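Given next are the chains, with one letter for each unit.
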Amino acid sequence: MGQSSEITVEKQGDESRGAYTVDLEGVERQAELTWVTQDGVRHANHTFVPPEMRGKGIAGKLVDALIADAREQGFKIAPDCSYVEAAFRRNPEWSDLRA
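Okay, so let's go over this structure. (Residues numbered from 1 in each chain as written. Predicted model: local features only at pLDDT ≥ 70, side-chain atom pairs only at ≥ 80, totals over all residues. Heavy atoms only, no water.)

Observations regarding the overall build of the protein chain
In step 1: Assigned secondary structure in the protein chain consists of two helices and five strands.
In step 2: Helices and strands appear in the protein chain in the N-to-C order β-β-β-β-α-β-α.
In step 3: Computed over the C-alpha atoms, the radius of gyration of the protein chain is 14 Å, within 12% of the 13 Å expected from 2.2 N^0.38 for a compact globule of 99 residues.
In step 4: With respect to the principal axes defined by its C-alpha atoms, the protein chain has extents near 45 × 30 × 20 Å. (Helix = DSSP H or I, 4+ residues; strand = E, 2+ residues; numbered from the N terminus. Rg over C-alpha atoms; globule rule 2.2 N^0.38 Å.)

See below:
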């Protein structure tokens, strides 16, 4: 069947905290971007990708899911995590979403 290049981002959480995650077959830990809400702002506080999943654009997909939700749901993002901060720097078109 071959290796699938499809990366599926799952979302979990509630109004106060949550995570975007990716599971890959054969990898024990999942990639994740976690967040907490403070004063109506979603603080992206941690991004982790297991070593065997790195270099495949997975962290970028996690941030893209966060950005898509911010556009759809109308919340602002505080990029407390260094990866999300760097993604904001690389994508100036997201500046309207930054808290």
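Some details on the packing of aromatic side chains
In step 1: Considering all chains together, one arrives at one aromatic pair under this definition.
In step 2: It is Arg29 that lies over the ring of Phe48; its NZ or CZ is 4.0 Å from the centre.
In step 3: We note Arg90 situated over the ring of Tyr83; from NZ or CZ to the ring centre the distance is 5.6 Å. (Phe/Tyr/Trp six-rings, centres within 6.5 Å; stacked < 30°, edge-to-face > 60°. Lys NZ or Arg CZ within 6 Å of the ring centre and 35° of its normal.)

Side note on the side chain of Arg42
In step 1: Mapped onto the elements, Arg42 comes out in strand 4 (residues 41-48).
In step 2: Among all residues touching Arg42, those that are not within four sequence positions of it are Tyr20, Trp35, Val36, Thr37, Leu66, Gln73, Phe75, Lys76, Ile77 and Ala78. (Contact = heavy atoms within 4.5 Å.)

Brief notes about the packing of helix 1 (residues 58-73) against helix 2 (residues 82-90)
In step 1: At their nearest, the axes of helix 1 and helix 2 sit 11 Å apart, and the two run at 75 degrees to each other. With respect to each other, helix 1 and helix 2 are oriented roughly perpendicular. The residues of helix 2 that touch helix 1, namely those facing Ala59, Gly60, Val63 and Ile67, are Tyr83, Val84, Ala87 and Phe88.
In step 2: In terms of residue class, the contact of helix 1 with helix 2 is built from seven nonpolar, one polar and no charged. (Axes fitted to C-alpha atoms, helices over the stretch in contact; angles between N-to-C directions. Parallel < 35°, antiparallel > 145°, perpendicular 65-115°, else oblique. Nonpolar A, V, L, I, M, F, W, Y, C, P; charged D, E, K, R; others polar.)

A few points about the sheet that holds strand 1 (residues 10-13)
In step 1: Strand order in this open sheet of five strands is 1-2-3-4-5, and the pairing throughout is mixed. Looking at strand neighbours, the two that pair on one side only are strand 1 and strand 5 (76-78), the edges of this open sheet. When the angles between neighbouring strand axes are averaged without regard to direction, this sheet yields 25 degrees.
In step 2: As defined by bridge partners, strand 4 adjoins strand 5 across three bridges and the pair is classed as parallel. Along strand 5, the bridge assignment pairs Arg42 with Ile77.
In step 3: Along the sheet, helix 1 makes contact with strand 1, strand 2 (17-22), strand 3 (31-38), strand 4 and strand 5, crossing strand 2 at roughly 135 degrees. (Pairing = 2+ DSSP bridges.)

Section: the environment of Arg29
In step 1: As for its position among the elements, Arg29 is in the loop between strand 2 and strand 3.
In step 2: Each C-alpha atom of the pair Arg29 and Arg17 lies 20 Å from the other, and the pair is 12 residues apart in sequence.

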